[in-house]
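# Residue-level structure breakdown
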Amino acid sequence: MLQAIRVPVKELQRCSGIVAEDVVSNDKALLLPRGSNLALLDDRAINILKGKLISEGVEYINIYLHNNSDASLITSIQDENDYQSVPPYRQIDKSLAEMALYQINDIYNRIAKGEALSELYEPLLNTARVLTQEILESEAITLSLYKVKERDEYTFVHSLNVSLLSGFLAGKLLKGDSVTEKIVIGGLLHDVGKTRIPLEILNKPCPLTAEEFAVMKGHPLLGFGILREARITDETILNVTLFHHERMDGKGYPKGLTGKDIPVEARIVAVADVFDAVTTNRVYRSGVSLYNAISLIIKDTGKHFDPKVSRELVSALGLYPPGTIVELSDGNIAVVIACNEGDLFRPTVKLMGSWAEVTSGNGRDGKVVNLRNTPNLYIKKAVGNFSK
Ligand SMILES: [Fe+2]
């Protein structure tokens, strides 16, 4: 079971992970919010953070350590008997994830051999139903994704990750478990058309030529055909498979649909698909950092991605994209108007007044504050979103 480790602040350089509990100063100002991802901070930022925490008298923080943390750090802490457990992030049940992977593997292989999908569909449906319940009860999805990524069968692991992340986003954005369940199934099956793409193109260990890419672009339509042959008629599942490469600006494929003409389920899966793809190591390139992946999603929001969906993803990662309404450490409410590159926890905000003023409709159109320049003013938590 994943456990948070109590790490000395002076050792922060040697570890990477998610902050497990809010770190507060003696006078209760929030210094570092729960859910902050230390992997996003470079050495300079970690040094600044260390200095800040030490100056506020903080000696230890609880962290869910990533695997790439210095192993001797864990040993030395445990040797000193200087650790404590705190409730772990909920994770997708490991045997359930394994079963889903097995089923996706089996389905994709059998389709590649020309077998019918219909009798394989029912067990997958049952798995998706249980996965959906797990996802809807999860507060944080990212660690589940990393855990599953330890395996290396790219297409199947990618399909499961896209399914988990899409289900998580759908649970936040859409009402109703049944639509989320369909999106989970759609995520599992979204690339099923790749079973009809020649292996030399699918597994090519370098970028594709224009001709090869044109063949690859056929996979949504091929997948749609496979699902129809298997008598799958559910529109949500079919839409995910057919439209997950459409873009908001109409430059996607296969149909070049724009904006809201793209079904919302496909807009959700599009974000999950790209986010998982760019953060995963492939044969010909290593995955980009989480920070760069988020930057890429933010940069392409509006052009490629639906702003509501990408905002939900970034929020789920514990960050504050533009449009987020936040409560500051001094109790005032503000709206995020711009991200600061290199420090997504300290964006530029516009002050709106106290909670009472805002909720009574008397919020102010206040001054703009760059939180990067205000060491004593922090975001305490996100309280809403202008897009909802
Ligand atoms: Fe795809």
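For the protein, the name recorded in an unreviewed UniProt entry is HDIG domain protein, with Acetomicrobium hydrogeniformans ATCC BAA-1850 as its organism.

So, about the sheet that holds strand β1 (residues 5-8). Taken together, the 3 strands give an open sheet; going across it, the order is β1-β5-β2, and neighbouring strands pair in antiparallel fashion. Because the sheet does not close on itself, it has two edges, and the strands there are β1 and β2 (17-19). The mean inter-strand angle of the sheet, taken between neighbouring strand axes irrespective of direction, is 50 degrees.

This part is about the coordination of the iron ion. Asp 191 (OD), His 219 (NE2), His 244 (NE2) and His 245 (NE2) make up the full set of protein donors to the iron ion, lying at 2.2 to 2.3 Å. Metal-centred angles of 86 to 174 degrees between the 4 donor atoms at the iron ion mark the site as irregular. Read from N- to C-terminus, the donor residues coordinating the iron ion fall into the pattern D-x27-H-x24-H-H. By relative accessible area, which is 1% here, His 244 ends up buried.

Residues of helix α10 (residues 219-229) that are buried: His 219, Pro 220, Gly 223, Ile 226 and Leu 227. For α10, the arc enclosing every buried residue in end-on projection is 120 degrees, short of the 170-degree limit, so these residues lie on one face. Residues of α10 that are exposed and point over 90 degrees away from its buried face: Leu 221 and Glu 229. Just past α10, the residue Arg 231 takes up positive phi, approximately 65 degrees.

What follows deals with empty space enclosed by the protein. Under the counting rule described, the total for this entry stands at 3 cavities of 30 Å³ or more. For the largest cavity, the calculated volume is near 40 Å³. As for the largest cavity, its lining consists of Phe 243, Glu 246, Ile 262, Ala 266, Arg 267, Ala 270, Val 271, His 304, Phe 305 and Asp 306. When residues in the lining of the largest cavity are grouped by element, the largest group, 4 residues, is from helix α12 (residues 264-279). Residue composition of the lining of the largest cavity, grouped by class: 6 nonpolar, 1 polar and 3 charged.

This brings us to the packing of aromatic side chains. If you walk through the whole model with that rule in mind, you get 1 aromatic pair. Ring geometry for Phe 213 and Tyr 253: centres 6.4 Å apart, planes at 85 degrees, overall edge-to-face. Of this pair, Phe 213 sits in helix α9 (residues 210-216) while Tyr 253 sits in the loop between α11 (235-243) and α12, and the two are 40 residues apart along the sequence. Note that Arg 6 overlies the ring of Tyr 60, its terminal NZ or CZ placed 4.1 Å from the centroid.

Turning next to the packing of helix α6 (residues 154-173) against helix α7 (residues 177-189). Following both chains from N to C, one finds α6 and α7 inclined at 160 degrees, their axes separated by 7 Å at the closest point. Judged by the angle between their axes, α6 and α7 are roughly antiparallel. As α6 runs across α7, the sense of the crossing is right-handed. Taking contact as the criterion, the partners of Ser 159, Leu 160, Val 162, Ser 163, Ser 166, Gly 167, Ala 170 and Gly 171 in α6 are, on α7, Thr 180, Ile 183, Val 184, Gly 187 and Leu 188.

The rules behind each value
- Residues numbered from 1 in each chain as written.
- Predicted model: local features only at pLDDT ≥ 70, side-chain atom pairs only at ≥ 80, totals over all residues.
- Heavy atoms only, no water.
- Pairing = 2+ DSSP bridges.
- Helix = DSSP H or I, 4+ residues; strand = E, 2+ residues; numbered from the N terminus.
- Axes fitted to C-alpha atoms, helices over the stretch in contact; angles between N-to-C directions.
- Donors = N, O, S within 2.8 Å, 3.2 Å for Na, K, Ca; no water.
- Tetrahedral: all angles 85-135°; square planar, octahedral: opposite > 155°, others 65-115°.
- Buried < 20%, exposed > 50% of the residue type's maximum accessible area, 1.4 Å probe, protein only.
- Arc of directions from axis to C-beta.
- 1 Å grid on protein atoms, 1.4 Å probe; cavity = no way out; pocket = protein on both sides within 12 Å on 5 of 7 lines; lining within 4 Å.
- Points joined across faces, edges and corners; volume = space filled by probe spheres on them.
- Nonpolar A, V, L, I, M, F, W, Y, C, P; charged D, E, K, R; others polar.
- Phe/Tyr/Trp six-rings, centres within 6.5 Å; stacked < 30°, edge-to-face > 60°.
- Lys NZ or Arg CZ within 6 Å of the ring centre and 35° of its normal.
- Parallel < 35°, antiparallel > 145°, perpendicular 65-115°, else oblique.
- Left-handed = near helix turned anticlockwise from the far one by under 90°.
- Contact = heavy atoms within 4.5 Å.

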